[in-house]
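# Residue-level structural notes
Residues per chain, in single letters:
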Protein chains: 2
Amino acid sequence: MTDLPRVQAPEQMIHLGLGQPSRGLLPGGLLERASAELFARQDESFLPYGPARGNPGVRERLAGFLSDQVTVAPDQLMITNGNSQALDMICTLFTRPGDTILVEAPTYFLALRIFSDHGLTMIPVPTDENGLVPGALEEILKTCSPAFLYTIPFYHNPSAVTLSAERQEAVARISGTHGLPVVSDEVYRFLYFDQPPPPSLGRFHSQCPVLSLGSFSKILAPGLRLGWIHTSPETLKKITGSGLLRSGGGVNPFTSAIVDRVVRNGSLAAHIAELRDVYRRRAAVLCGELREALPRSVSFTPPRGGYFVWLRFPEGVDCKALRKTVQKHGVDFYPGSYFSPDRGFASYMRLSFAMYDEAELAEGVTRLGRALKQALPGLYKGSR
Amino acid sequence: MTDLPRVQAPEQMIHLGLGQPSRGLLPGGLLERASAELFARQDESFLPYGPARGNPGVRERLAGFLSDQVTVAPDQLMITNGNSQALDMICTLFTRPGDTILVEAPTYFLALRIFSDHGLTMIPVPTDENGLVPGALEEILKTCSPAFLYTIPFYHNPSAVTLSAERQEAVARISGTHGLPVVSDEVYRFLYFDQPPPPSLGRFHSQCPVLSLGSFSKILAPGLRLGWIHTSPETLKKITGSGLLRSGGGVNPFTSAIVDRVVRNGSLAAHIAELRDVYRRRAAVLCGELREALPRSVSFTPPRGGYFVWLRFPEGVDCKALRKTVQKHGVDFYPGSYFSPDRGFASYMRLSFAMYDEAELAEGVTRLGRALKQALPGLYKGSR
């Protein structure tokens with residue numbers, strides 16, 4: 001990770017699968033200023049063990065920051081070490097090995113690994129261009145009582161779709177009726193290109209058991225390992241009563257005190273605005289180049305935010321099997337089969353526009369097109 | 001936690017139970033200098049997702065720091081979010097609910113909470129003034145196959161005892177013979193007063209499955225949530241292959257890059273030397289005052305390091321029942337029953353000298369003596 005690939009020579013790999021921000025977008029300067037501000041105050045309240053939910057002041061500012069479309073109160077928030085750790089903690093506290101959980105089809109592949117470490121059985125719920133399909137969810141709930149539903153409602157990883165406001169309400173209603181906890185991974189919510197998406201699912205916390213997980217990984221820096229859970233104070237009590245938090249206290253008092261300065265001095269909002277702009281342009285370049293380079297039978301919906309483009313190849317194409325050939329052309333991707341517990345989506349491919357600049361993305365797609373022409377010549381017949 | 005009690009008026013509580021460093025010992029200045037050094041380098045390698053085991057350079061310097069009595073190699077180390085998180089992670093990866101583990105009697109009470117969150121059954125192993133009793137461990141292993149043994153071999157919490165070098169070897173031998181993983185919580189190892197204790201149990205990693213857990217919480221600041229695991233590269237592979245680390249990367253790249261500067265510029269070693277000096281003097285004051293204030297039938301062994309003094313009252317005294325009376329006198333403690341899964345050690349009391357200065361400790365013991373005279377007048381008959 002310390003040596004992220006950069007394009008210097010044609011033979012250097014452009015890994016379009018990786019969902020990470022590029023180096024130039026990392027906010028070293030903001031964090032330098034924030035750290036200096038923090039230490040200048042001679043307030044060392046972030047050095048002892050901290051409160052389990054996180055420092056009250058930090059949560060107050062975070063609540064203000066999150067109160068964009070709906071009001072978020074500080075007592076509905078706790079600070080986490082990022083969404084991976086939050087998912088791990090929720091599995092420990094809310095499940096037992098052998099339990100069933102519901103995941104979207106497709107879903108974030110490394111979340112599947114976390115669930116599998118906890119011995120959970122995963123049942124996929126269908127999605128379409130508006131996200132999770134509520135009717136399908138209701139059908140599945142007739143046959144099982146899952147410990148929770150894991151959903152990525154905004155600029156989905158990998159499919160880039162967003163759960164519509166109507167469907168959000170349907171999911172909340174189903175969750176309330178069945179007492180089904182909803183673990184909502186909202187890591188891409190702030191990265192919209194034009195119009196903001198519907199508000200966080202966290203706003204339903206008083207009518208159904210929903211835990212909204214947010215993170216600074218995509219809007220500041222992954223290396224901070226800092227995020228938050230937005231849910232009801234009652235649900236938070238269950239988490240903060242855990243042995244882990246009783247013993248260690250708040251999970252990241254030091255880093256959260258520094259990031260708090262980034263929130264307070266306004267540089268977070270400015271940084272996110274810049275990211276939106278950069279990613280909007282990169283997504284446009286990636287999609288434009290893909291339309292040129294791919295055969296007509298490969299389809300995708302241009303994303304409206306987030307990190308990803310989800311390519312659908314004609315049925316029967318096994319993207320994983322293409323990977324070696326594609327890699328030989330100096331480019332890489334993640335095959336769709338990674339993104340489901342039952343290895344479905346074999347004819348899909350995840351690309352990301354987060355880690356490379358516009359020129360690198362264009363070069364990557366040129367290479368991909370070259371590789372596909374070699375590997376799947378049949379698809380190009382009659383196409384452009 | 002943000003308002004730690006300080007002694008200003010006699011009626012203000014002195015909580016001798018709390019095992020936390022006092023505010024004056026927190027290294028804000030060191031961290032300010034370290035952060036400035038880090039940002040001045042314009043090296044932002046700590047901002048993306050980091051390698052699962054932690055940054056190689058950080059592990060190299062840490063290995064150097066840990067190679068005090070025996071050599072520690074960087075590939076035997078991974079960075080953690082502190083020992084509570086490391087324990088939690090080990091439970092997730094190495095146990096399943098219903099499994100049995102072994103803990104010392106007594107043991108760290110909040111570790112018990114973590115184990116209980118993971119649905120583990122805890123069997124206590126007897127200890128004496130030299131720590132865990134190997135013969136007793138062997139007896140217990142005749143009747144069960146525990147997932148691991150949790151031990152605190154240096155300046156034990158709460159009993160302050162240290163596992164002797166001979167016993168360390170016996171435990172390693174038993175671990176190797178039975179394939180019993182040993183999870184060794186070594187958070188107090190650097191806080192010796194005079195002679196260093198035996199080396200870390202981590203040195204046995206090639207002959208038995210031992211995981212030594214270290215932390216910056218007691219030698220720098222708990223709010224950093226930073227520590228390490230020292231074990232065999234093979235065992236590390238199992239941990240770093242977990243979904244949590246595959247998804248989130250290294251658990252604290254940002255904070256570890258700052259603490260790395262504290263290690264490199266030598267201020268960590270100087271800070272630890274200062275802590276040893278302060279705690280040695282505080283322990284001497286606490287023990288001296290206790291000898292004056294307590295009845296002769298209450299015994300304790302003066303600690304040679306760490307944070308704690310473990311008071312043994314005559315059998316039949318229920319320390320938990322004393323707590324209300326003692327609190328009325330403006331002082332508090334942790335009753336011994338907290339420190340075992342079966343509520344043993346009812347006639348013990350844990351005190352700490354970490355959080356208060358010498359005058360405050362003396363005042364605390366005066367209040368404790370006053371309270372005990374009122375609550376247990378019988379113990380004082382014939383005594384001083």
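This text follows the structure it describes.
Per-chain numbering applies: the sequence of each chain, read as written, is numbered from 1 onward. The lettering of chains begins at A and the numbering of ligands begins at 1, in the order of writing. For a predicted model such as this one, the threshold for reporting local features is a pLDDT of at least 70, and the threshold for listing and counting side-chain atom pairs is 80 or more; totals across whole chains, interfaces and linings nevertheless cover every residue. Each side-chain value is worked out from all heavy atoms of the structure, with water and hydrogens disregarded.

## Let's talk about the nonpolar core
Side chains that are nonpolar tend, in soluble globular proteins, to be buried together. This is how the line gets drawn: Residues belong to one nonpolar core when they are buried, are Ala, Val, Leu, Ile, Met, Phe, Trp, Tyr or Cys, and are joined through side-chain atoms within 4.5 Å. For every residue, the accessible area obtained with a 1.4 Å probe (protein chains only) is divided by the maximum for its type, and the residue is called buried under 20%, exposed over 50%, and partly exposed between those limits. In what follows, residue pairs with any heavy atoms lying within 4.5 Å of each other are defined as contacts.
Ranked by internal contacts, the top residues of the largest apolar core, which has 263 residues, are A:F115 and B:F115. Discounting residues that sit within four places of it in the chain, A:F115 has contacts with A:L87, A:C91, A:I101, A:V103, A:L120, A:M122, A:F148 and A:Y150.

## With respect to the sheet that holds strand β12 (residues 334–335) of chain B
Residue and element names in this part refer to chain B. Keep this limit in mind: Two strands are counted as paired when DSSP detects at least two bridges linking them. Numbering of helices and strands runs from the N terminus, with a helix taken as a DSSP run of H or I at least four residues long and a strand as a DSSP run of E at least two residues long. The convention used is that axes are lines fitted to C-alpha atoms, helices contributing only their stretch in contact, and that angles between N-to-C directions extend from 0 to 180 degrees.
Read across the sheet, three strands follow the order β10-β13-β12 without closing on themselves; strand pairing throughout is antiparallel. The open sheet has two edge strands, β10 (308–312) and β12, and neither has a second partner. Examined bridge by bridge, β10 and strand β13 (residues 348–352) share five bridges and lie antiparallel to one another. Bridged to L311 within β13 is M349. Packing of helix α10 (residues 267–293) onto the sheet brings it into contact with β10 and β13, and relative to β10 it is tilted by some 20 degrees.

## Section: the sheet that holds strand β13 (residues 348–352) of chain A
Residue and element names in this part refer to chain A. Strand order in the open sheet formed by three strands is β10-β13-β12, and the pairing between neighbours is antiparallel. Each edge of the open sheet is held by one strand with a lone partner, namely β10 (308–312) and β12 (334–335). Strand direction decides the pairing type here: β12 and β13, joined by two bridges, are antiparallel. By the bridge assignment for β13, Y334 is matched with R350. Here helix α10 (residues 267–293) sits on the sheet in contact with β10 and β13, set at roughly 20 degrees to β10.

## Points about empty space enclosed by the protein
Residues and elements named next belong to chain A. Put simply, the rule reads: Of the two site types, the cavity is a set of points on a 1 Å grid over the protein atoms alone where a 1.4 Å probe fits but cannot get out, and the pocket is an open set with protein on both sides within 12 Å along at least five of seven lines, each lined by residues with an atom within 4 Å of a point. Grid points are joined across faces, edges and corners, and a volume is the space filled by probe spheres set on the points. Ten residue types, Ala, Val, Leu, Ile, Met, Phe, Trp, Tyr, Cys and Pro, are classed as nonpolar, four, Asp, Glu, Lys and Arg, as charged, and the remainder, Gly among them, as polar.
All told, the structure shown has 14 cavities of 30 Å³ or more when counted by the stated rule. Reported here for the largest cavity is a volume of approximately 120 Å³. Contributing to the lining of the largest cavity are 14 residues, with L66, E186, R189, S200 and S212 lying nearest its centre. Elements that contribute at least two residues to the lining of the largest cavity include exactly β8 (210–215) and β9 (227–230). Take the lining of the largest cavity: its biggest share by element is three residues, from β8. Broken down by class, the residue content of the lining of the largest cavity amounts to six nonpolar, four polar and four charged.

## Regarding the packing of aromatic side chains
Using the following cut-off: Only rings of Phe, Tyr and Trp enter the pairing, Trp through its six-membered ring, and a pair is recorded when the two centres are within 6.5 Å. The plane angle decides the type: under 30 degrees is stacked, over 60 is edge-to-face, the rest tilted. Only Lys NZ and Arg CZ are tested; either one counts as a charge over a ring when it is within 6 Å of the ring centre and within 35 degrees of the ring normal.
Across all of its chains, the model carries 46 aromatic pairs over all chains by this definition. On the basis of an interplanar angle of 35 degrees and a centroid distance of 5.6 Å, the ring pair of A:Y334 and A:Y338 is categorised as tilted. On the basis of relative accessibility, which here comes to 14%, the residue A:Y334 falls in the buried class. Ring pairs connect the aromatic residues A:Y108, A:F109, A:W310, A:Y334, A:Y338, A:F339, A:F345 and A:Y348, which therefore count as one cluster. A cation over an aromatic ring shows up here: A:K238 above the ring of A:F94, its NZ or CZ 4.6 Å from the ring centre. Between B:R189 and the ring centre of B:F154, over which it is positioned, the NZ or CZ distance is 5.8 Å.

## Structural notes on helix α2 (residues 56–66) of chain A
All names here are of chain A. Counted only if it meets this: Nitrogen and oxygen atoms within 3.5 Å of one another constitute a polar contact, given that in protein one can donate a hydrogen and the other can accept it, and given that sequence-neighbouring residues count only through two side-chain atoms.
The complete set of buried residues in α2 reads G57, V58, R59, L62, A63, F65 and L66. Against β2 (77–80), β9, α9 (253–264) and α10 lie the buried residues of α2. The opening residue of α2 is N55, an N-cap whose side-chain oxygen sits 2.8 Å from the backbone nitrogen of G57.

## Comments concerning the relation of the copies chain B and chain A
What counts is decided by this rule: Here the copies were fitted onto each other by least squares, based on C-alpha atoms from residues at pLDDT of at least 70 in both.
Superposition of chain B onto chain A requires a rotation of 180 degrees combined with a translation of 0.0 Å along the rotation axis, giving an RMSD of 0.0 Å. Taken together, the turn and the small shift mark the pair as related by a two-fold rotation axis.

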